[in-house]
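Overview (structure and organization)
Listed below are the residues making up each chain.
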Amino acid sequence: MQPVLSLRGISKSFPGVKALSDVQLDLYPGEVTALIGENGAGKSTIVKVLTGVYQPDAGTITLDGQDLRFPTPDAASAAGVTAIHQETVLFDELTVAENIWLGHAPRGRFGLIDWTAMREGAKRLLDSIGARLDPDARLKDLGIASKHLVAIARALSVDARVVIMDEPTAALSHKEIHELYELVETLKAQGKAILFISHKFDEIFRIADRFTVFRDGQFVGTGKIAEVSEGKLVQMMVGRSVDQIFPARSHNVGEPVLTVAGYSHPTEFADIGFTLHRGEILGFYGLVGAGRSEVMQALFGITRPSKGACRIGGRVAVIRSTAEAVEAGIVYVPEDRGRQGAVKGLPIFQNVTLPSLGAVSRGGFLKMAEEFKLARDYTQRLDLRAAALDQDVGLLSGGNQQKVVIAKWLATKPRVIILDEPTKGIDIGSKAAVHEFMAELAAEGLSVIMVSSEIPEVLGMSDRVIVMREGRIVAEVSGAAMTPEALVRAAAGIEEAAA
Amino acid sequence: MSILKSREAQLALAIAILTAGIALRFPAFVTPANLAGVFNDTSPLMILAIGQMIVILTKCIDLSVAANLALCGMVAALMNGAGVPLALIVPAVVALGAALGAVNGLLVWKVGIPSIVVTLGTMTIYRGTIFLMTAGKWVNAHQMTAEFKALPRASLLGLPVMSWVAIALILLFALVMTRTALGRAFFAVGGNPHAAVYTGIDVGRTQCAAFVLSGALAGLVGYLWVARYAVAYVDIAGGFELDVVAACVIGGISIAGGVGSVGGAVLGAIFLGVIKNALPVIGISPFWQMAISGIAILLAVAFNASQSRVKGRIILKPAEA
């Protein structure tokens with residue numbers, strides 16, 4: 001069979017990062033191709049190349065034997081390539097028909113919108129995917145699954161030949177996922193070529209006909225699903241040469257510092273229990289949305305668990321607010337530094353001392369000299385590159401802002417530090433510095449929890465790894481059992497028997 | 001020249017140029033006695049602008065300050081009429097103002113209503129309360145005791161007490177804003193509320209504290225205003241909240257929160273005070289005065305906006321490097 005769409009030799013670089021390097025991808029009419037790879041493998045980049053958001057630096061896109069370029073997203077959709085994204089972008093206050101046709105509504109006389117044609121077209125599209133929805137209903141009155149159907153109808157409204165589904169089931173319930181599978185079958189029957197991106201192995205094996213695996217921006221392999229095992233796919237995904245060097249660590253683990261038992265939340269996580277020891281780095285691995293950050297936010301007092309207890313140094317700790325968490329010796333460096341980390345507008349030294357103002361006050365008034373001393377001590381330890389400590393923190397680079405945020409927390413002299421995706425979005429040099437520093441903290445007796453989605457980092461830095469899936473702890477591995485395969489299997493929910 | 005980079009210095013320079021320009025035609029305007037008079041006239045605006053500045057720092061706004069002032073002023077006048085000693089009246093109206101501010105703050109904090117909606121509502125409620133208390137009647141000069149009226153005007157080291165109160169509050173709040181944990185929290189909450197939460201600062205409680213301070217200052221000004229002008233009625237200081245917000249905006253306090261200073265608020269108030277006092281001297285018709293005040297506000301805001309526009313990163317190396 002001839003592929004309808006072929007990509008060959010596609011490369012794409014961003015400053016400092018090679019996102020795609022000479023990759024290939026074929027999509028066949030009436031078949032589902034699953035694109036598989038870890039976070040950072042280049043899946044999102046290839047979708048953006050396919051939909052005209054990014055321009056590749058090299059390579060060809062061939063549609064029906066013709067070489068094409070997609071200089072804009074419009075050009076891609078005009079050629080019949082359309083994508084349904086993880087978070088569907090729709091308009092709550094508009095009707096179903098308007099949402100489907102927005103931007104390319106059928107025109108009648110005088111260039112005005114032809115409402116009759118728009119309603120009929122919407123009805124036809126909705127019927128073709130088996131959705132019984134009223135074209136005149138307001139979108140806000142529909143459930144999530146119905147909104148998803150509208151998004152799909154919208155994607156098909158451009159006379160689509162290639163449909164890209166980027167983790168379409170991430171936000172859906174079991175029943176809705178089932179309906180989506182049926183829809184995929186319908187689209188296959190209509191001869192559409194489907195690119196299906198998913199982390200869930202069960203659904204890949206359920207609906208895909210072919211697979212393509214990317215790793216670190218490179219093409220690893222392709223084939224038919226019927227001719228491959230889960231074990232083989234996992235191996236293709238993670239089988240990398242370890243090219244990152246991690247600092248040597250002594251693994252001197254002391255007495256328990258933090259004990260969490262039966263932590264539960266009504267909707268986000270259940271029955272979380274673990275023990276963190278002095279001088280230990282405990283990795284938390286899982287897919288995006290597995291509930292890792294939510295557990296950490298509960299430990300830090302941002303949300304409250306409905307059940308469960310937490311002990312620090314043997315004593316029960318009740319944490320109802322972030323202030324109490326800091327008091328108890330737990331600090332949290334959030335993933336989203338821009339939004340949750342530094343206070344832009346305040347100078348560097350005031351950012352560092354913000355949670356420690358009590359320690360630098362005398363009789364209710366702040367002592368500027370002591371504030372400066374505290375800030376200088378900790379920023380020097382982190383090797384912060386800044387012209388002056390009274391400079392606005394917003395003028396620093398991302399890596400240096402990260403250092404300010406970490407310095408701020410170390411200045412409170414915590415017992416437990418939680419780092420959420422500590423190296424996400426920073427360059428390789430800064431990554432190594434952060435890793436080095438984490439190893440130093442642990443060696444000094446601080447207990448570190450590291451939430452990370454990068455397998456090499458989790459394996460390279462942690463003494464033990466806890467894997468979460470769908471809000472629960474599904475595995476705890478240490479020592480020789482800490483292998484990439486073990487983490488991916490546990491996170492994706494692959495049974496041992498299937499290997 | 002680096003000192004001119006600070007917004008306060010630029011504003012002080014603008015005020016000096018404005019005053020010098022007026023003095024060229026009307027030398028009498030810059031006599032020490034007249035300047036002291038302008039300062040004294042502007043004292044209520046300065047005090048209220050400090051409170052408003054704190055509220056705006058936390059990404060909120062307090063439109064109820066003038067109504068709060070009027071209600072506290074009326075209560076002060078009625079207490080005076082009932083024979084309550086002045087030493088009790090002043091703390092009582094400050095407490096009342098703080099309580100009215102706390103109503104705003106609690107509605108913002110606990111109920112989560114946007115502050116502009118809360119204070120639009122309470123603004124009307126506070127004015128309405130005066131009407132209910134008095135049935136619209138005025139409290140006139142002859143109904144007030146001499147002691148009640150005399151305090152703000154009493155002269156101390158050559159300046160009226162009202163001016164001294166303003167000076168004392170400017171110094172006190174400059175200290176609070178730069179040298180206390182609460183002052184720092186106001187900046188953090190407005191500068192990045194998400195980060196403030198992660199730092200252990202309660203955003204809602206901090207915003208509520210800002211409203212309480214703004215309310216307490218409004219309560220104090222309520223007494224000063226009624227005593228100085230020797231009259232209390234429903235509509236005193238009507239629309240004054242807009243002057244207060246304008247003083248803050250002119251003073252470089254960012255409506256988006258997180259940026260501002262006591263000095264900026266005070267200078268913003270003085271800038272407006274100089275214009276308001278100078279226009280009648282120059283002989284400009286009262287009909288034009290409002291329009292000119294408005295133009296001055298827009299010019300100041302446009303200037304601030306052009307100053308705070310994001311500057312590009314310096315990527316290119318200097319040629320000689």
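Further up the page is the structure itself.
Brief notes about unusual backbone geometry
- Positive phi, close to 50°, is recorded for Leu 157 of chain B, a residue that is not glycine.
- Leu 157 of chain B sits in the exposed class, given a relative accessible area of 76%.

Description of the packing of aromatic side chains
- This model, assessed by the stated rule, comprises 10 aromatic pairs over all chains.
- For the pair Phe 148 of chain B and Tyr 223 of chain B, a centre-to-centre distance of 5.1 Å together with 75° between the ring planes defines the contact as edge-to-face. Taken as a pair, Phe 148 of chain B in helix H6 (residues 146-153) and Tyr 223 of chain B in helix H10 (residues 203-229) lie far apart in primary sequence, 75 residues in all. We note that Phe 148 of chain B, like Tyr 223 of chain B, is buried.
- Taken together, a centroid distance of 5.0 Å and an interplanar angle of 70° make the contact between Trp 225 of chain B and Phe 240 of chain B edge-to-face. One end of the pair, Trp 225 of chain B, is in helix H10; the other, Phe 240 of chain B, is in helix H11 (residues 240-250), with 15 residues separating them in the sequence.
- The positively charged end of Arg 210 of chain A is found above the aromatic ring belonging to Tyr 28 of chain A, 3.7 Å away from the centroid.
- Its end group placed over the ring of Trp 109 of chain B, Lys 110 of chain B keeps NZ or CZ at 4.1 Å from the ring centre.

Section: the side chain of Lys 43 of chain A
Residue and element names in this part refer to chain A.
- Inspection of the secondary structure puts Lys 43 in helix H1 (residues 43-50).
- No salt bridge forms around the buried Lys 43; measuring N to O, its nearest opposite-charge neighbour Glu 167 is 5.3 Å away.
- For Lys 43, the side chain forms a polar contact with the main-chain oxygen of Gly 37, separated by 2.7 Å.

Comments concerning the interface of chain A and chain B
- Listed as interface residues are 28 residues of chain A and, on the opposing side, 18 residues of chain B.
- Buried area between chain A and chain B, both sides added, is near 2000 Å², and the carbon and sulfur share of it is 62%.
- Applying the counting criterion to the chain A and chain B interface returns one salt bridge.
- Measuring nitrogen to oxygen at the nearest pair gives 2.9 Å for the salt bridge that ties Glu 371 of chain A to Arg 184 of chain B.
- For the pair chain A and chain B, the number of links is eight residue pairs in polar contact (both at pLDDT 80 or more).
- For the side of chain A that touches chain B, the residue count by class is 16 nonpolar, eight polar and four charged.

Cut-offs applied
- Residues numbered from 1 in each chain as written.
- Chains lettered and ligands numbered in written order.
- Predicted model: local features only at pLDDT ≥ 70, side-chain atom pairs only at ≥ 80, totals over all residues.
- Heavy atoms only, no water.
- Buried < 20%, exposed > 50% of the residue type's maximum accessible area, 1.4 Å probe, protein only.
- Phe/Tyr/Trp six-rings, centres within 6.5 Å; stacked < 30°, edge-to-face > 60°.
- Helix = DSSP H or I, 4+ residues; strand = E, 2+ residues; numbered from the N terminus.
- Lys NZ or Arg CZ within 6 Å of the ring centre and 35° of its normal.
- Lys, Arg positive; Asp, Glu negative; His and termini not counted.
- Salt bridge = Lys/Arg side-chain N within 4 Å of Asp/Glu carboxyl O.
- Polar contact = N/O pair within 3.5 Å; in protein donor to acceptor, adjacent residues only side chain to side chain.
- Contact = heavy atoms within 4.5 Å.
- Buried area = accessible area lost by both parts, 1.4 Å probe.
- Nonpolar A, V, L, I, M, F, W, Y, C, P; charged D, E, K, R; others polar.

Note that all results are geometric; they support no functional claim without further evidence.
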